[in-house]
Amino acid sequence: MKEFKFYGRGGQGIVTASKMMVAAVVKEERYAQAVPSFGQERKGAPVFTFARVSNNPIDLKSFVYKPNGIIVFDLFVRELGINLKEGLKSDAVLVANTPLSPEEMELTEDFIKIGCLDAFDITENLIGTVPPNAVMLGAMCRTMELFELATICNVIREFMPGKRGELNVEACKCGYNSVQVWER
Amino acid sequence: MAKRKAMDGNAAAAEGARLARVQVVAAYPITPQTPIVEKLASFIDEQKLAARYINVESEHSALCATIGASLAGTRAFTATASAGLALMHEITGVAAGCRLPIVMPIVNRALPSPWSLWCDHSDSMGERDQGWLQIYTENAQEALDFIIFSYRLAEDERVLLPVNVCLDGFFLSHTSEAVIVPSQEEVDNFLPPYEPKNLVLDPLDPMAVNVLTSPAIFTEIKHQHKVAMDNSLQVFKEVSQQFQENFGRQYGLFETYACNDAEIIIVSMGTMSGTVRHLVKKMRKEGQKVGALKLTMFRPFPGRELAEILGKAQGVAVIDRSAGLGSLGPLANEVRSSLYDTANSNQGPVVCNYVAGLGGRDVTEDTIALIIKETVQAVEGNLKKSYESRWIDLLEEAESI
């Protein structure tokens, strides 16, 4: 079983992204769980949510305290006092939305693998001013290797039928192809 | 064919209601229950469910309308949480006393004050003596299954009582996981169309319902209710057998894990039961004789069946997700009471009560590990036995906050 923590700011869609990741893993006949942590935060405040992925049924129903990986929808949460290194397992993976390179982020000591890209920029160019979900899911797919690109594209189509879904599928593929992956 | 898909507890409960072909939904939104009734409203709008949706102005009215719909001979549904349930309280007794087979999920959320949006069982515990059956679910699969299961149980002639299916707010209601969704045909084979077997309103043959009842027969009417409550334990077992044959999933009044030779057994309800089982599995691998008992049916309380399992342990740790102010937690009171005869023979287990997870506090593996450690100490006599609950996840600075 692998456990994940998503970081972002209120309104960036981390809960939906975690649900879509879970839907993809379940589609591939494995087990997954997205446990949200809702607070009274306003838009823009730092928020987090959790997920688990496993080949077997998952008994645990608590939050995640020692993640095997973190997904950061906005690296700016660091400036808001969030410690991204909290509880990390020694073999942790990072997927981050940032214009910085893995080295520039100064996090290569804490992760064995890092995938990063400017998801805001890609999303803005392809879809407009919307949450960077689809691009991040593409980047997660490539970096974390937990589900296939075709599966997550189908999940996006189910969550967002019609033209909006197809735009988001394009964004997801662009995230997959654009992510810069660094490995120790 | 059944389909496997990811959904959260609220979506699963709504899906259960759709598959049960409920005919009337009367509900008022309240966090964290709202997505259930939103989903049902969409099903009706998209013609995926042939039902009437009644918009109401409060939870009090929601249950009144649901009672009316049930009395008119339809399979009726509503759902609520926390303060909404408290507002219904006057009417919950009417639904039960009129012997109406309504199914109403409670998405557990702490009752104020202090104000909270988050999970504990204080809301449903406030209804525990109102004469409804109460079922607590651990995951989204159980949430879906028990909506269907509960209509069959409620509508049995020997029962004819309303059922609360309880889902932990957020930890279940908003947690996505894999669920096997049965086909409509499979559900239809298990749950036949609703046929009223008791009171039915007929404009051509008017009658009064819930009338002033004199002391001459009040006790007898209540006793009929008590008999139905008692019957429901046996009917639950029969429905469970049928459910297992039709769907391949088995549900008991409670579920045990590694209890046979366990020295310490942890008793819990709802989502924390999964975390308890996870830890028990780990500790068993290390050779520690611990077991887990997840209670599904809280009302009626299956005390006799429970005592048979728990009576053999040396220590029983009961975790309550409600404060039980002025006494032990409500679950611990029931468990201690059911073990009284065993305890009198001087061989009964030490029963320790832990209050945890109030107002949405996460019940972690660490919390449960501490509960087991303290229970072992109590069994060994190193911890003073006392008739009080231990607030196990309390912060050290509790008195200065």
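The rules behind the values
Residues numbered from 1 in each chain as written. Chains lettered and ligands numbered in written order. Predicted model: local features only at pLDDT ≥ 70, side-chain atom pairs only at ≥ 80, totals over all residues. Pairing = 2+ DSSP bridges. Helix = DSSP H or I, 4+ residues; strand = E, 2+ residues; numbered from the N terminus. Contact = placed C-beta atoms within 7 Å. Axes fitted to C-alpha atoms, helices over the stretch in contact; angles between N-to-C directions. Buried ≥ 20, exposed ≤ 12 C-beta atoms within 10 Å, placed from the backbone. Domains from an automatic or database assignment. Nonpolar A, V, L, I, M, F, W, Y, C, P; charged D, E, K, R; others polar. Parallel < 35°, antiparallel > 145°, perpendicular 65-115°, else oblique. Left-handed = near helix turned anticlockwise from the far one by under 90°. Expected span 1.5 Å × (residues − 1).

**Section: the sheet that holds strand β14 (residues 350-355) of chain B**
Residues and elements named next belong to chain B. If you walk across this open sheet you meet the six strands as β9-β11-β10-β13-β14-β15, and the pairing is mixed. Edge positions in the open sheet fall to β9 (254-257) and β15 (390-391), since each of these has one partner strand only. Across five bridges, strand β10 (residues 264-268) lies against strand β11 (residues 290-295) in parallel orientation. In the strand pairing of β11, I265 is matched with G291. Strands in contact with helix α11 (residues 330-338) are β10, β13 (315-320) and β14; relative to β13, the strand with the most contacts, it is inclined by about 150°.

**Brief notes about unusual backbone geometry**
The residue after B:T31, namely B:P32, is reached through a cis peptide bond having omega 0°. Summarising the element assignment, B:P32 is placed in the loop between β2 (24-27) and α2 (34-45). Put simply, B:R299 and B:P300 share a cis peptide bond, and its omega is -10°. Inspection of the secondary structure puts B:P300 in the loop between β12 (297-299) and α10 (303-310). Even without being glycine, A:E145 reaches a positive phi, approximately 55°. Mapped onto the secondary structure, A:E145 falls in the loop between α4 (133-144) and α5 (149-159). Owing to 10 C-beta atoms within 10 Å, A:E145 belongs among the exposed residues under this scheme.

**With respect to the domain arrangement of chain B**
Residue and element names in this part refer to chain B. As assigned here, chain B comprises domain 1 (3-247) and domain 2 (254-394). On a C-alpha basis, the centroid separation for the pair domain 1 and domain 2 is 28 Å. Between domain 1 and domain 2, the residue contacts involve 26 residues of the former and 21 residues of the latter. Among the elements of the structure, α5 (122-125), β6 (133-136), β7 (163-168) and α8 (218-247) are those that each provide at least two residues to the side of domain 1 that touches domain 2. Of the residues assigned to the side of domain 1 that touches domain 2, the class counts are 15 nonpolar, six polar and five charged.

**What to know about the interface of chain A and chain B**
In this complex, chain A contributes 16 residues to the contact, which on the side of chain B involves 20 residues. For the side of chain A that touches chain B, the secondary structure elements donating two or more residues are α1 (14-27) and β2 (31-36) of chain A. Per-class residue counts for the side of chain A that touches chain B are eleven nonpolar, two polar and three charged. As paired elements, β2(A) and strand β8 (residues 176-181) of chain B share two bridges and run antiparallel to each other. If you follow A:Q33 over to β8(B), its bridge partner there is B:E177.

**Re helix α1 (residues 9-19) of chain B**
Within α1(B), eleven of the eleven residues are buried, which leaves it mostly tucked inside the rest of the structure. Note on α1(B): the residue one or two positions beyond its end, B:R21, has a positive phi of about 55°.

**Describing the packing of α1(B) against helix α6 (residues 140-154) of chain B**
Residue and element names in this part refer to chain B. Where α1 meets α6, the axes come as close as 8 Å, and the angle between the chain directions of the two elements is 25°. When the axes of α1 and α6 are compared, the pair comes out roughly parallel. For α1 against α6, the interelement crossing comes out right-handed. In contact with G9, A12, A13, E15, G16, A17 and L19 of α1, α6 contributes A140, A143, L144, I147 and I148. Here the residues of the contact of α1 with α6 are counted per class, giving nine nonpolar, two polar and one charged.

**A look at helix α6 (residues 163-178) of chain A**
Residues and elements named next belong to chain A. Its 16 residues place the ends of α6 22 Å apart at the C-alpha level, agreeing with the 22 Å of an ideal helix rising 1.5 Å per residue. Buried within α6 we find N168, V169, A171, C172, C174, G175 and Y176. Buried residues along α6 sit against β6 (113-117), α3 (119-126), α4 and α5.

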